[in-house]
Amino acid sequence: VHCCIETELGRSAYNMDTDEEDSEYECFYDSSSSSDDGILRELRNKAMRGEEILPYQYEPYLSDVHSDEPNSESDSENEEEFEDAECQGATGISSIPMDSGRLKNVDWCSCGKCTTMETVEESICCHEQQKVSKKREQQAGIKCITEHRGFEPVCLNEDVLITAHYGYQERYDDDLGKDWKRTISYRQFIQWCYRYLGRRIRVPLPSCAATAIRGTFPSLDHNSDK
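So, a few notes on the structure that sits alongside this text. Just so you know, these numbers come straight off a predicted model, no measurement behind them.

### Some remarks on the pattern of salt bridges
It is possible for side chains of opposite charge to pair when their charged atoms get near one another.
Point 1. Counted by the stated rule, this structure contains 5 salt bridges.
Point 2. E147 is the partner of K113 in a salt bridge, and the nearest nitrogen-oxygen pair spans 3.5 Å. Note that K113 is positioned in the loop between α3 (73-91) and α4 (130-136) and E147 in the loop between α4 and α5 (151-156), a separation of 34 residues in sequence.
Point 3. Given the relative accessible area of 32%, E147 is considered partly exposed.
Point 4. Across the salt bridge formed by K181 and E158, the nearest N and O atoms sit 2.7 Å from each other. Separated by 23 residues along the polypeptide, K181 in helix α7 (residues 180-194) and E158 in helix α6 (residues 158-172) bring together distant segments of the chain.
Point 5. On the accessibility criterion, E158 (40% relative accessible area) is partly exposed.

### Overview of the nonpolar core
Point 1. Judged by nonpolar contacts, the single largest core of 33 residues is most densely connected at C111, C126, I145, F151 and F189.
Point 2. Of all elements in the fold, only α5, α6, α7 and α8 (207-216) reach the threshold of two or more residues within this core.
Point 3. Here this core gets 8 residues from one element, more than from any other, and that element is α7.
Point 4. Excluding residues within four positions of it along the chain, C111 makes contact with C125, C126, H127, K143, C144 and C208.

### Some remarks on the side chain of E122
Point 1. By the element assignment, E122 lies in the loop between α3 and α4.
Point 2. A polar contact is formed between the side chain of E122 and the side chain of R214, at a distance of 3.0 Å.
Point 3. Excluding anything up to four places from it in sequence, E122 contacts M117, L205, S207 and R214.

How each quantity is defined
Residues numbered from 1 in each chain as written. Predicted model: local features only at pLDDT ≥ 70, side-chain atom pairs only at ≥ 80, totals over all residues. Heavy atoms only, no water. Salt bridge = Lys/Arg side-chain N within 4 Å of Asp/Glu carboxyl O. Helix = DSSP H or I, 4+ residues; strand = E, 2+ residues; numbered from the N terminus. Buried < 20%, exposed > 50% of the residue type's maximum accessible area, 1.4 Å probe, protein only. Core = buried A, V, L, I, M, F, W, Y, C linked by side-chain atoms within 4.5 Å. Contact = heavy atoms within 4.5 Å. Polar contact = N/O pair within 3.5 Å; in protein donor to acceptor, adjacent residues only side chain to side chain.

Here is the structure:
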C-alpha cells in the first residue's frame, strides 16, 4: 500500500513538474516566432528523454543565408553562366582577334613585358583584359600589371603562397604536384583581379604575368611545360 501511495505521489509530483515546465515553455513560445517553435519543442523533448543535444545542431545551413558561392547544382550552373558572360565582357577576349598571327611575336603587347607564348589564348597582354587593366590603373604611373605594388606580395611571396596552399588543400584535398607554387600563384592572380569566376570558368593569364610567375617559380616537373 505504501508503495502504491508513494508511486501515486511520485506521479503527481512529476505531473506538477511537467505542467510547470510546459507552462514555462508555452510562455516562451508565445514570445518567440512560430518558426522557432518546432526547434524548441524538439530540444525540450530530447532533454526530457535524456538524449544528447549536439552543439551547433540547429544552426542554419549555408544555403539558408547569403553566400558568395553557389550552394546547389542549379545555383552553380546559373551563377557560372552569369560569370561566364560577365568575364567575356570584362576581359574583352571576345573582341580580340585570336588567330595565329599572335604566335611567334609580341606585336600585340602594350605593356612591354609580354613574351611569345605557345598558344594563341595565352598570347594576350594585361592591357587587353578589362579587369586586369582596372586593377593596373589603381596605381598611377605604371604600364604593366606586374609593376603594381600588389603583384609581388600577392603572387610571388612564398609565405603568402604557402598559406594559400594550405587553404586550397583543406578545401579541395587535392595534390597540385611539384609545381604547386606556380599553380597557386596563378590562382592568386586570378582572385586578385577577378575575385571569383566559378568552377568551370577559365581566364588566361596575361603573358606578362605568366612570364613573371614562371620566371620566379621554374617548373620542377619535367613533364610539364606550363
